[in-house]
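# Geometric and topological summary
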Amino acid sequence: MGDTQRVADGEERTTVRPLRPATPPTSPGVDPVGPTTGVPRQRRPPRGSGVPARTGAGTRAGAGTGTVPTTATATAATETASTTSMPDGSEPDSCTTADASPPARHRRVSFVPAVRLPGPRAVARATRDWSRRPNGRLALPGVFLLALVATTAVAGALLVPATLGAPRSVAADASTGTTAEVPGGLPPSGTAPPFGDLPPPTATLPPGATPTGVPDGTTPVGGRPSDSLAGWARQVGTKVGIDPVAMQAYGYAELVLAETNASCTLSWTTLAAIGLVESRHGQANNAQLGADGRAVPEIIGLPLDGQGGRMRIADTDRGEMDRDTTYDRAVGPMQFIPTTWQEIGADADNDGRRDPHNIHDAALAAGMYLCKGGRNLTIPGDWWNAILSYNDVRRYAQEVFDAANRYGQASRT
């Protein structure tokens with residue numbers, strides 16, 4: 001306290017400094033009016049609502065927020081400014097409360113996905129690491145094997161049908177109008193059996209009838225081998241109404257295949273039925289079989305141009321067999337297309353050439369074609385598949401079945 005006497009006499013000077021004002025000293029760019037601490041954050045109205053942003057209860061107006069204070073806030077700020085004195089005793093400038101900095105613009109931030117996808121190198125590295133682990137070493141070969149099996153299955157589904165359908169004979173249009181009526185007044189077979197029924201019965205050849213040589217073009221045989229069946233052909237041909245020349249061709253083809261392909265068990269009745277449906281045993285288009293078995297004039301079907309339900313096959317033999325350089329045509333008594341004849345043609349009469357217009361050569365080639373693929377024609381499924389491979393038409397196969405069944409029944413009477 002000092003000397004009390006001096007205080008009483010008024011000689012002691014006070015050393016107490018005046019109190020600092022409640023507001024901080026003025027600094028450039030800062031509004032001294034209003035509280036400086038505990039300022040709440042400004043609430044932002046919903047985007048697109050059209051309502052301006054509102055300041056909080058203690059927010060100073062114009063402190064760089066870019067918003068307009070409410071009436072209550074502005075009034076409080078004015079009262080505070082009027083009751084607050086500056087350190088030097090002067091009044092604060094009321095205009096400073098209305099100063100507002102330019103409003104801040106919001107930047108749009110592009111959306112960033114929460115999960116970042118790995119790049120190709122990361123995927124390759126992860127796959128390589130997985131393949132080196134024990135589970136990867138077991139699973140990876142299985143995946144490759146499954147892909148190989150799937151590829152093979154798809155290739156087989158596309159290629160096998162095309163391969164099987166390529167060398168297929170086509171019935172001549174001259175025979176499409178036939179009704180499989182057997183000449184000679186044979187009794188009808190009645191109701192046609194359904195697919196999968198037993199094949200037509202077999203009429204056996206006479207025990208003494210044996211081929212004198214296999215017609216492979218290398219074994220010299222005196223005369224025509226089928227002449228040994230002339231007596232049998234006249235006898236059976238009269239019963240079933242077939243020209244003896246054609247009967248010799250069908251019977252000889254059965255004997256040859258019995259020696260060269262015994263498991264096929266082909267019957268002449270099947271060949272005769274095909275010959276009937278295809279060309280009426282070489283008599284379609286007003287043709288006749290000569291003594292040598294050749295049809296004159298040559299039987300040539302309509303062009304295989306894709307019209308009228310026919311297949312479309314472009315020319316493959318330059319017209320040598322079918323006299324057509326634009327499309328292939330089925331030729332001869334058994335109606336072979338050129339590509340099939342080139343594959344399966346035979347020389348049954350031992351004249352040194354394979355002639356699709358000769359019924360001896362054509363019948364043996366037809367029998368060889370039916371026996372392809374290890375078929376056993378005593379099995380119903382193999383018999384039907386053989387006929388459909390010759391001409392993939394259900395009505396055609398049914399007509400062949402009916403005719404073969406009638407031939408077999410009539411030959412045993």
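Residues numbered from 1 in each chain as written. Predicted model: local features only at pLDDT ≥ 70, side-chain atom pairs only at ≥ 80, totals over all residues. Heavy atoms only, no water.

## So, unusual backbone geometry
To keep it simple, the criterion reads: The numbering of helices and of strands both runs from the N terminus, where a helix is a DSSP run of H or I of at least 4 residues and a strand a run of E of at least 2. The rule is simple: take the accessible area with a 1.4 Å probe, protein chains only, and divide by the maximum for that residue type; under 20% is buried, over 50% is exposed, in between is partly exposed.
A cis amide bond links V296 to the next residue, P297, at an omega of -5 degrees. You can see P297 is positioned in the loop between β2 (295–296) and α8 (338–344). At N350, a position not held by glycine, the phi torsion is positive, near 60 degrees. Looking at the secondary structure, you find N350 in the loop between α8 and α9 (359–370). The exposure class of N350 is partly exposed, given its relative accessible area of 27%.

## Some details on the packing of aromatic side chains
For the record, the criterion: A pair of aromatic rings is counted whenever rings of Phe, Tyr or Trp (Trp by its six-membered ring) have centres within 6.5 Å, and the orientation is called stacked for planes under 30 degrees apart, edge-to-face for over 60 and tilted otherwise.
One pass over the full model with this rule turns up seven aromatic pairs. Relative to W268, the ring of W232 lies with its centre 5.9 Å away and its plane at 85 degrees, an arrangement referred to as edge-to-face. Placement of W232 in helix α5 (residues 230–240) and of W268 in helix α7 (residues 268–279) is noted, with a sequence separation of 36 residues between them. Grouping residues by exposure puts W232 and W268 together as buried.

## Some remarks on the side chain of D328
Note the threshold: When charges are counted, neither His nor the chain ends are considered; positive counts come from Lys and Arg and negative counts from Asp and Glu. A carboxyl oxygen of Asp or Glu within 4 Å of a side-chain nitrogen of Lys or Arg is what we treat as a salt bridge. Think of a polar contact as two N or O atoms within 3.5 Å of one another; within protein, one of them needs to be a possible hydrogen donor and the other a possible acceptor, and neighboring residues in sequence only count if both atoms come from side chains. What makes two residues a contact is simply this: any of their non-hydrogen atoms within 4.5 Å.
On the secondary structure map, D328 appears in the loop between β2 and α8. Here D328 sits buried without a salt bridge, and the closest side chain of opposite charge, R329, lies 8.4 Å off (N-O distance). At 2.6 Å, the side chain of D328 and the side chain of T316 are in polar contact. The residues touching D328, leaving out its near neighbours within four places in the chain, are L302, P303, L304, I313, A314, D315, T316, D317, D322, P338 and T339.

## Describing the packing of α7 against α9
Using the following cut-off: Here an angle of 0 to 180 degrees is reported between the N-to-C directions of two axes, which are lines fitted to C-alpha atoms, with helices fitted over the stretch in contact. Each angle receives one of four descriptions, namely roughly parallel if under 35 degrees, roughly antiparallel if over 145, roughly perpendicular if within 65 to 115, and oblique otherwise. Rotating anticlockwise by less than a right angle from the far helix to the near helix defines a left-handed crossing, while the corresponding clockwise rotation defines a right-handed one. For this classification, the nonpolar set comprises Ala, Val, Leu, Ile, Met, Phe, Trp, Tyr, Cys and Pro, the charged set comprises Asp, Glu, Lys and Arg, and every other residue, Gly included, is treated as polar.
Two elements in contact, α7 and α9, have axes whose closest approach is 10 Å; the angle formed by their N-to-C orientations is 115 degrees. In terms of their interaxial angle, α7 and α9 are classed as roughly perpendicular. Pair α7 / α9 crosses with right-handed handedness. Between α7, through T270, L271 and I274, and α9, the contact on the second element is made entirely by A363, A366, G367 and L370. Here the contact of α7 with α9 is built from residues that sort into five nonpolar, two polar and no charged.

## Observations concerning the pattern of salt bridges
Scanning the entire structure with this criterion turns up nine salt bridges. With a closest N to O distance of 3.0 Å, R224 and D227 form a salt bridge. Linking D305 and R310 is a salt bridge whose minimum nitrogen-to-oxygen distance equals 3.0 Å. On the basis of relative accessibility, which here comes to 17%, the residue R310 falls in the buried class.

## A word on the nonpolar core
We apply this condition: Residue types Ala, Val, Leu, Ile, Met, Phe, Trp, Tyr and Cys, when buried and joined through side-chain atoms within 4.5 Å, form a set referred to as a nonpolar core.
The biggest cluster of nonpolar side chains holds 62 residues, and the ones touching the most others in it are Y250, W268, F336, L370 and Y390. Listing elements by their share of this core, those giving two or more residues are α5, α6 (244–260), α7, α8, α9, α10 (380–390) and α11 (394–411). Counting residues per element, this core draws most heavily on α6, at ten residues.

## Considering α5
Quick reminder of the rule: For this quantity, the arc is that covered by the directions from the helix axis to the C-beta atoms.
All buried positions along α5 are accounted for by A230, W232, A233, V236, G237 and V240. Along the long axis of α5, the arc covered by the buried residues comes to 145 degrees, so they all point the same way. Those residues of α5 that are exposed and aimed more than 90 degrees away from the buried face are R234, Q235 and T238. Looking at the packing, one finds that the buried side of α5 touches α6, α7 and α11. Just beyond α5, the residue with positive phi is G241, at close to 80 degrees.

## Topic: the packing of α6 against α9
Where α6 contacts α9, the axes come no closer than 8 Å and their chain directions differ by 40 degrees. The two elements α6 and α9 meet at a crossing, and its hand is right-handed. Together, V245, A246, Q248, A249, Y250, A253, V256 and L257 of α6 and I359, H360, A363, L364, G367 and M368 of α9 make up the contact between the two elements. When its residues are assigned to classes, the contact of α6 with α9 shows eleven nonpolar, three polar and no charged.

## Observations concerning a nonpolar patch on the surface
Stated precisely, the cut-off is as follows: Patches draw on residues past 30% relative accessible area with no salt bridge. Two like charges within 9 Å are joined, as are two nonpolar side chains (Val, Leu, Ile, Met, Phe, Trp, Tyr) within 5 Å. Using a 1.4 Å probe, accessible areas were evaluated by the Shrake-Rupley method; residue-level cover was limited to the displayed protein chains.
Taken together, L145, L148 and V149 make up a surface patch of nonpolar side chains, about 300 Å² in accessible area. Mapped onto the fold, V149 is located in helix α4 (residues 134–165).

## Some details on α7
For the record, the criterion: Helices are assigned an expected span. That span is 1.5 Å times one less than the residue count.
Taking 1.5 Å of rise per residue, the twelve residues of α7 would be expected to cover 16 Å, and the 16 Å separating its terminal C-alpha atoms lies within 8% of that figure. Taken across its twelve residues, α7 has twelve buried, putting it largely inside the fold. Within α7 the residues assigned to the buried category are W268, T269, T270, L271, A272, A273, I274, G275, L276, V277, E278 and S279. Buried residues along α7 sit in contact with α5, α6, α9, α10 and α11. With its phi angle positive at about 55 degrees, R280 sits one or two positions after the end of α7.

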